[in-house]
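# Analysis of the macromolecular model
Okay, here's what each chain looks like letter by letter:
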Amino acid sequence: MKDHRISRRRALCLIGTAGVAGAGALLSRPARPQGPGPAVRRRVKLTYWTWADNPVHQKMSVDAVEMFNKAQGFITVELDATAAVMEVMKKTVVAFAAGSAPDVGSTVQTHVQEFYDNGILHPADEFFGKWDGRGDYFPNVVEAMRSKPGQPVLYLPNAILPYVLYYRADWLEEAKLKPPATYDEFIETARKLNKPPDHSGYALRGADYYGLQVIEPIWGSAGVKFVDESGKVDFDSPEAVSVMEKWVGMFTKDKSAQPTAVSDRYPQLFALMQASKAAMWIYGTHAHPQLDAALGSKIQVVPTPRVKDKPCMLANPEGPMIISSCKEKEAAWEFLVHMASGQPARIFTQGRGLLPVRKSISADPVFEQNRFFKVAIASASSWWRPPFSHKHWANYQDKIAPYLQQTLRQEISVKAFQAQAAKLLRGEA
Amino acid sequence: MRRASLLLGSAAILVFSLAPFLWIFIASITPEIKPDLSRPWLSVRTVEYFPARPTLQNYYDLFKNVPFAVYFRNSAIVASGTMTLALVVASLGAYGFVRFKFRGRGPLLLTMLMAYMIPSVVLLVPLLVIFRSYGLINTYQGLILAEATNTAPFALLLMINYFSTLPRELEEAAQVDGCGRLGTLFRIVIPLSIPGLVAGGLFAFIATWNNFLFAFLFATTDRVKTLPLIMRLFALGEPAVWGVSAAGAILTTLPVALLFLLFQRMLMSGLAAGAVKG
Amino acid sequence: MTRGHPQRNQPAVLATGRRFRVDLLPYAFIAPISLLLLAISVYPSLYAIRLALTDASLLRLARAKFIGVQNLVRMAGDQIFLDGLWRTLRWDLAVVLTQLAIALPIALFLNLNFRGRGVVRAAVVVPYIVPPAVTSLLWVYMFDGNFGVANDLMVKLGILDQYVSWLSDPNGSFAVVVAAMVWAGQPLMAIILLAVLQTIPRELYEAARVDGANLWQGFRHITLPRLIPTILFLLLLRTIWMSNHIDVIFIMTRGGPGFSNYTEAVYSFMLTNQFEIGYSSAVAVTLAVILVAASALYVRHLARTVLS
């Protein structure tokens, strides 16, 4: 009798347990519709810092992060995107030093080596190597992702920003000129299109380092190596000086650059182009949506000018990176993949005016149809970067701006400028 | 003659103080569609430069694109918090300095004044490291404490000056009546010092409301970010969002202006006593 | 002065021994602010002094080496630092004196009785309330070399022949930044001066007028003596604040063109931005020491008069 009762009770218990277990299994499935689920199946919170060039760009980051958070119920990303790229970079370093760095940061190619050398960045290589999307990346981009040959893949860019030469096609036509291809043609065109006081030949940036960044590919095409692996600096060579003399000459001698160049940054330069006060401007493709909206077919692009036969086109990848203090690196990698795929990748390329780094995304016809993208893609073989990975590059980049202004104001000679830049690249200043 | 020169003087002061600000206001109600930077806007000649179709769209967009309400709330919390903290510690401290003679009084006051002279930039990294170890990053408490470095010493100076103008007789009478020191402070001195407190409080509030540096480094999540950080992004952005930025600027300035208007009279008398001793 | 009479210091809290209680009470009052400033001002300053003796970089904080006075040696040979001393002084004097020159007449004007005085008074404060970031932007766009309102006005009024690129020129940019800072800062001076002016009884002026004194004499003998302590107080306070000021200068010019707007505080900030916090702390601490030394006499006088 006893055995029966116990065994019935036990049977009931077993059924009950099975029922509970079954119900639990049913109920534990997340309520939201799922795509291919993430590998991480715990509640994880990540902080992500990136920059915003303007409120439109900020909204892109907000939307992309929201997409990620909604698409899966485990990882929540908290976004901070309220400052410009250099400020975010500085803030990341400061926060890391104080132990309060985010989990995922954002970087441009320029700073990747510095982050890696100082232990701030955790190489994405361990995940990238196992990822089936890795073959989709253009080989030269993967090279950039290593920063130096032989290093692991450091970060996962989702876009690449090429620099092009914007010009006023209507003014060129009026003056019966062709768009310039060589550097000398470029200087000459600026001179010819210059109609003071209201129309400058070229919108020159003199207020900060980015004014030099657009000259670097021209130096590159002149054969200047800046600094090579052994530390030998040729930035003060006669070729380098000659390029700079012509550039500065646009402002000081030809007067074909706008008179306010010394203190002009992006807002001022853009305003000049938009108000039809400048004929040419070297800048990234991300300015084309607004320029196109303002000037329509009057604004066209060609590759940046070259000195010798082979042009160099500045093209910098950019994208998220995993910070070494992040405690949930798998979750961080999931987020990186999300930002580099599908809709987010389209937002940050098409939407922003940058080129994709993945073959599948660049197959989209919009990149061939858009005249700005087309020019940039056509010169893909001359995409180039200065030696960002050299240990003294950041030193030069951080400190050189005031000297540029002094050179434009003719307070120091071009030779002295190149010498100072060379000193910075040698780490002597 | 007197009437005319009064009018002229008033007009001059109004133009000087308000003209640039009026320009921002006009920018904020100008439609964003076609920013026309070739035509500078000027408030005085409103006939020519006033937008043909003023709009409130920019204010709309401001709340849509940016969590403005959240930032506003955060600014309000942090500013009030700093104000309260500064006033409380400064009043207690000032009373101690003024009404007591104790060992180390002079040197202590001097040390505080000297610490006040250190530029904020020096304190940034040390504060960051300290706050990190106490978990104060991205908290209201952290921001309030950081802002107090600027506001507490000034409040202290103000209250010291203010208390020293109050006659001792009132307090002595209260004490003869059996009131303790603390009681005297709360029941006699503080009520008499409301103007001074208003002055100190208002300055602390404004300084904190507008402070950018500490907010930038110590507040990295939207939960605690304050208003000046919105200004920063717009300051770097393109001219195409000038109208929305202007709207943000107006809304950031308005609350403090209202506070000032409300407490004007008390502020005046508070400052009078607080600065007379010099 | 009055000494603490025993029956005056009746404690309100629990007693242990009377003498003990009496001695502890003042410390109870000054404890909160002392602790606060110790934690957030004094201790970080000591940390900063320690940083100043190292070659610390924000990128490699853990690998900072103690280098003693090497930073001082470097400063002695650093042209930017040496010029910065002069630039800081020039900035201080230009801003503070101009603010005073504008604030005093405004205060005197607002002291007069007229209808609508409250409105004008409220308007005067507006520049002070506007956030510094907005002020900086405002003045940058007003003086823009291609589209600026100020340029437009000055050309129309015949002061200028053509638009000037203010921010491209060392003196021009200095003028614009000073103008912005003066505009933003003079309300503080104006209302403090006004507050003091309002404590001067009108009867004094009446009496003086009856005695045959004119406006200027009234000002010189009645107003000025009462203003002088406050003016000195304001001068000291503003000079300290301006010496340490970074925001407006940085946002408007980033220190440029060239190094022409690198005051010591701005230089220290730039160095921090370049992650050299050892050297940056050295520059900042030196600035603080100079400020303390320069104001030592006045501060001691202040402490004495206040605590008397």
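Residues numbered from 1 in each chain as written. Chains lettered and ligands numbered in written order. Predicted model: local features only at pLDDT ≥ 70, side-chain atom pairs only at ≥ 80, totals over all residues. Heavy atoms only, no water.

Here the focus is the side chain of Ser389 of chain A. All names here are of chain A. Here Ser389 is to be found in the loop between strand 10 (383-384) and helix 19 (393-399). The exposure class assigned to Ser389 is buried, which follows from its relative accessible area of 12%. Discounting chain neighbours no more than four positions away, the residues touching Ser389 are Gln113, Ser147 and Lys148. (Helix = DSSP H or I, 4+ residues; strand = E, 2+ residues; numbered from the N terminus. Buried < 20%, exposed > 50% of the residue type's maximum accessible area, 1.4 Å probe, protein only. Contact = heavy atoms within 4.5 Å.)

Attention now goes to the confidence of the model for chain A. In low-pLDDT regions, the fine details of the predicted coordinates are not to be read closely. Taken over all residues, the pLDDT of chain A has a mean of 88, while the share at 70 or more is 91%. With pLDDT under 50 throughout, residues 28-36 of chain A is counted as low confidence; its partners more than four residues away or in other chains account for six contacts. (pLDDT = per-residue confidence, 0-100.)

In this section: the pattern of salt bridges. Within the structure shown, the criterion is met by 29 salt bridges over all chains. A salt bridge links Asp170 of chain A to Arg168 of chain A; its shortest N-O distance comes to 3.0 Å. A salt bridge links Arg209 of chain C to Glu206 of chain C; the shortest N-O distance between them is 3.5 Å. Taken together, the residues span about one helical turn, with Arg209 of chain C and Glu206 of chain C both in helix 8 (residues 202-210) at a distance of three residues. Connected through salt bridges with shared partners, the residues Glu188, Arg191, Lys192 and Asp254 of chain A form a single ionic network. (Salt bridge = Lys/Arg side-chain N within 4 Å of Asp/Glu carboxyl O.)

All right, on to empty space enclosed by the protein then. For the coordinates displayed, the defined rule picks out 15 cavities of 30 Å³ or more. As for the largest cavity, its lining consists of 41 residues, and the residues nearest its centre are Asn150, Ala207 and Asn211 of chain B together with Trp241 and His245 of chain C. A breakdown of the residues in the lining of the largest cavity according to their chemical character gives 26 nonpolar, twelve polar and three charged. (1 Å grid on protein atoms, 1.4 Å probe; cavity = no way out; pocket = protein on both sides within 12 Å on 5 of 7 lines; lining within 4 Å. Points joined across faces, edges and corners; volume = space filled by probe spheres on them. Nonpolar A, V, L, I, M, F, W, Y, C, P; charged D, E, K, R; others polar.)

The next subject is the side chain of Ser263 of chain A. Its location among the elements puts Ser263 of chain A in the loop between helix 11 (238-252) and helix 12 (266-274). Excluding residues that lie within four positions of it along the chain, Ser263 of chain A makes contacts with Ala207 of chain A together with Ser165, Leu167 and Ser168 of chain C.

All names here are of chain A. Most of strand 7 (residues 278-284) sits out of view: seven of its seven residues are buried. In this sheet, strand 7 lies alongside strand 5 (residues 159-168) in antiparallel orientation, the contact comprising five bridges. Its bridge partner being in strand 7, Tyr167 is matched across the sheet by Met280. Examined bridge by bridge, strand 6 (residues 200-202) and strand 7 share two bridges and lie parallel to one another. Bridging across to strand 7, Ser200 finds its partner in Ala278. (Pairing = 2+ DSSP bridges.)

Before going further, it helps to examine the interface of chain B and chain C. Across the boundary between the two partners, chain B contributes 97 residues, which contact 96 residues of chain C. In this assembly, chain B packs against chain C so that about 8900 Å² is buried in total across both faces, 79% of it on carbon and sulfur atoms. Where chain B meets chain C, there are zero salt bridges. The tally of links between chain B and chain C comes to three residue pairs in polar contact (both at pLDDT 80 or more). Here the side of chain B that touches chain C takes 14 residues from helix 1 (residues 2-28) of chain B, the largest share from any one element. (Buried area = accessible area lost by both parts, 1.4 Å probe. Polar contact = N/O pair within 3.5 Å; in protein donor to acceptor, adjacent residues only side chain to side chain.)

With that settled, consider the environment of Tyr43 of chain C. Relative to the assigned elements, Tyr43 of chain C resides in helix 1 (residues 18-52). Note on Tyr43 of chain C: relative accessible area 47%, which makes it partly exposed. Leave out the neighbours within four places in its chain, and Tyr43 of chain C touches Ile130 of chain B together with Leu38 of chain C.

What follows deals with the pairing of strand 3 (residues 104-108) of chain A. Residues and elements named next belong to chain A. Where burial is concerned, most of strand 3 is hidden: five out of the five residues are buried. Residues Val104, Ser106 and Val108 line one face of strand 3 and the alternating positions Gly105 and Thr107 line the opposite face, and both faces are buried. As paired elements, strand 3 and strand 9 (residues 313-323) share five bridges and run antiparallel to each other. The residue bridging Thr107 from the neighbouring strand is Gly319, located in strand 9.

This part covers unusual backbone geometry. Backbone torsion omega between Pro196 of chain A and Pro197 of chain A reads 5°, so that peptide bond is classified as cis. Backbone geometry at Phe226 of chain A places phi at a positive 65°, although glycine is not the residue there. Structurally, Phe226 of chain A is set in the loop between helix 10 (216-221) and helix 11. With relative accessibility at 1%, the residue Phe226 of chain A sits in the buried group. Positive phi values are uncommon outside glycine, yet Phe275 of chain C reaches one of about 75°. Within the element layout of this structure, Phe275 of chain C appears in the loop between helix 11 (264-273) and helix 12 (277-307).

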